[in-house]
Amino acid sequence: YEGAAMKMLQRYWHKWLNKRIPAATQHHLNHQNIFIFPAKFGLLFLFLCLLLFLLGTNYQNNLMLLLCYFLLALFLVNLLASYINFSRIDLQIGKCPEVFVGDNLDVPIWLNANNNAASPTHGLLHFKFQATQCKSNKKAKTQREKSGTLVDANAFTNPISLSQNCQQRGKLTLSRVTVESFYPLGLYRCW
């Protein structure tokens, strides 16, 4: 029963995601296609703030409360800094080469090719396919892969190459590309 419920949730998630962010060859990241949630480290940071608040109120220690409020303010400012940094990204897919069955398809992705911003994106960006898929007209195969391409946004060369193994002949449909970052302090995961 769990597997069926999980598949149904994934189907609704992909349907909602395809409606919200339709497939395109070029994307500018903005508030409609950026998702930000606390990372594991961010949740531990919030738990630390909760403990500091409980200790500060229990022992009536104003310095501990001040530290708790400062850390919460840092947490919220980091949310804004994460969004501003991530919203500077422009992505564009390049021309894909033809490959044979069993070969890896190297998909070129141009990062900020037409963007001459005064303040560029910072931090490490992790590019990966959501699920490695090669869809043919008759059948679809899906393989989960954790690999991807890690890019330093301060020093990289265009195009960035993502690799996908193709198992079938014919015209292929690429799966969704996910870009994620934990910049600046690792408290939030932006993707």
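Above this text you will find the structure in question.
Residues numbered from 1 in each chain as written. Predicted model: local features only at pLDDT ≥ 70, side-chain atom pairs only at ≥ 80, totals over all residues. Heavy atoms only, no water.

Trainee: Requested: an account of the sheet that holds strand S4 (residues 104–111), with residues and values cited.
Mentor: Taken together, the four strands give an open sheet; going across it, the order is S1-S3-S4-S9, and neighbouring strands pair in antiparallel fashion. Each of the sheet's edge strands pairs with one partner strand only, and the pair in question is strand S1 (26–28) and strand S9 (160–165). Neighbour-to-neighbour, the strand axes of the sheet open up by a mean angle of 25 degrees, direction not taken into account. Bridge count for strand S3 (residues 90–93) against S4 is three bridges, and the pairing is antiparallel. Residue glutamine 92 lies in a different strand from S4, and its bridge partner there is tryptophan 110. (Pairing = 2+ DSSP bridges. Helix = DSSP H or I, 4+ residues; strand = E, 2+ residues; numbered from the N terminus. Axes fitted to C-alpha atoms, helices over the stretch in contact; angles between N-to-C directions.)

Trainee: Mind laying out the sheet that holds strand S8 (residues 149–152), listing which residues take part and the relevant values?
Mentor: Spatial ordering of the open sheet is given by S8-S5-S10, a layout of three strands whose pairing is antiparallel. What marks the edges here is a single partner per strand, and that holds for S8 and strand S10 (177–180). The average angle at which neighbouring strand axes cross in this sheet is 20 degrees, direction not considered. As judged from the four bridges shared by strand S5 (residues 124–129) and S10, these two strands associate in the antiparallel manner. For histidine 126, the partnering residue across the bridge sits in S10 and is glutamate 180.

Trainee: A description of unusual backbone geometry should follow, citing residues and the corresponding values.
Mentor: For the bond running from tyrosine 183 to proline 184, omega is 0 degrees, close enough to zero to count as cis. If you trace the backbone, proline 184 turns up in the loop between S10 and strand S11 (188–190). Even without a glycine there, the phi angle at glutamine 60 is positive, about 50 degrees. Along the chain, glutamine 60 turns up in the loop between helix H2 (40–58) and helix H3 (62–86). According to the relative accessible area criterion, glutamine 60 is exposed, its value standing at 69%. (Buried < 20%, exposed > 50% of the residue type's maximum accessible area, 1.4 Å probe, protein only.)

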